[in-house]
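Architecture and fold: a report
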Amino acid sequence: MAVKILYQGGSGEIVEKKSRFIATTEKIETEEEALAFIGRMKKQYWDARHNCYAFVAGEHHNLQRCSDDGEPAGTAGRPMLDVLLKEDIHNIAVVVTRYFGGTLLGTGGLVRAYQKAVQEGLKNSVLIEKMQGRLLTVECDYNSIGKIQYILARNQITAVDTSYTDKVVTEVMAPMEQLELLRKEITEGTSGTAAFQVGDPAEFAVIDGKIKIF
């Protein structure tokens, strides 16, 4: 099962009726890390009227916290948290800093502005799908490599490495739920001539078209 997490934090800014909303995201795993990040943001934007926040952590979003930081109740923190939960992102904290522009936005306007700011911050962050899988090493002859590459592409699986000697050895990270089916397809596609080695379970993600093993 894939889990969406924040891999690299970022920031984004929107302007609503002259009020600036700056969203900053950071990867966190504990409440302590989240509070330390929020503290840094409040120090950085000490002159802002509000530094509202939301964060989630845990496999099932077990840890959830949010704060309106002086905005009318329910207009900032909870709407921000709702964006994170709707996007099903794990282990992330976001702070939205507001510099007041002199015009009141009303409760509906505030909710929309804070949610839009979070979405802008997420656009400028790197989100990845972390999966459980195993390293599958496939050894075959030169006649079979084209078929194997076709099978991998059809299953949207990226090769980690391929080496060409007297045989072709391809290493792929196969998601757990696809592993047996992939072996079966390759065995059938190569008429049983491919040899396999299966590695230990590992977590991985595809980032910019490359495999990252955690």
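Here's what I pulled together on the structure shown here. (Residues numbered from 1 in each chain as written. Predicted model: local features only at pLDDT ≥ 70, side-chain atom pairs only at ≥ 80, totals over all residues. Heavy atoms only, no water.)

Our next topic: the layout of surface pockets. The volume enclosed by the largest pocket comes to roughly 260 Å³. Of all elements in the fold, only strand 1 (3–8) and strand 8 (126–140) reach the threshold of two or more residues within the lining of the largest pocket. Considering every element that reaches the lining of the largest pocket, the biggest residue donor is strand 8, with 3 residues. The residue inventory of the lining of the largest pocket, partitioned by class, reads 4 nonpolar, 4 polar and 5 charged. (1 Å grid on protein atoms, 1.4 Å probe; cavity = no way out; pocket = protein on both sides within 12 Å on 5 of 7 lines; lining within 4 Å. Points joined across faces, edges and corners; volume = space filled by probe spheres on them. Helix = DSSP H or I, 4+ residues; strand = E, 2+ residues; numbered from the N terminus. Nonpolar A, V, L, I, M, F, W, Y, C, P; charged D, E, K, R; others polar.)

Each pair of packed helices can be summarised by the angle the axes make with each other and by the distance between the axes. Two numbers describe how helix 2 (residues 77–86) lies on helix 3 (residues 106–123): the axes approach to 8 Å, and their chain directions differ by 40 degrees. One element, helix 2, and the other, helix 3, form an angle in the oblique class. At the point where helix 2 passes helix 3, the crossing takes the right-handed sense. Contacts between helix 2 and helix 3 involve Pro79, Met80, Asp82, Val83 and Leu84 from the former and Val111, Tyr114, Gln115, Val118, Gln119 and Leu122 from the latter. Here the residues of the contact of helix 2 with helix 3 are counted per class, giving 8 nonpolar, 2 polar and 1 charged. (Axes fitted to C-alpha atoms, helices over the stretch in contact; angles between N-to-C directions. Parallel < 35°, antiparallel > 145°, perpendicular 65-115°, else oblique. Left-handed = near helix turned anticlockwise from the far one by under 90°. Contact = heavy atoms within 4.5 Å.)

What follows is about unusual backbone geometry. Positive phi, normally seen in glycine, also occurs at lysine 18, with a value near 75 degrees. Structurally, lysine 18 can be placed in the loop between strand 2 (11–16) and strand 3 (19–27). The class of lysine 18 is exposed, set by a relative accessible area of 69%. Positioned with a positive phi, glutamine 156 is a non-glycine residue whose angle comes to about 55 degrees. Tracing the backbone shows glutamine 156 in the loop between helix 4 (145–154) and strand 9 (159–164). (Buried < 20%, exposed > 50% of the residue type's maximum accessible area, 1.4 Å probe, protein only.)

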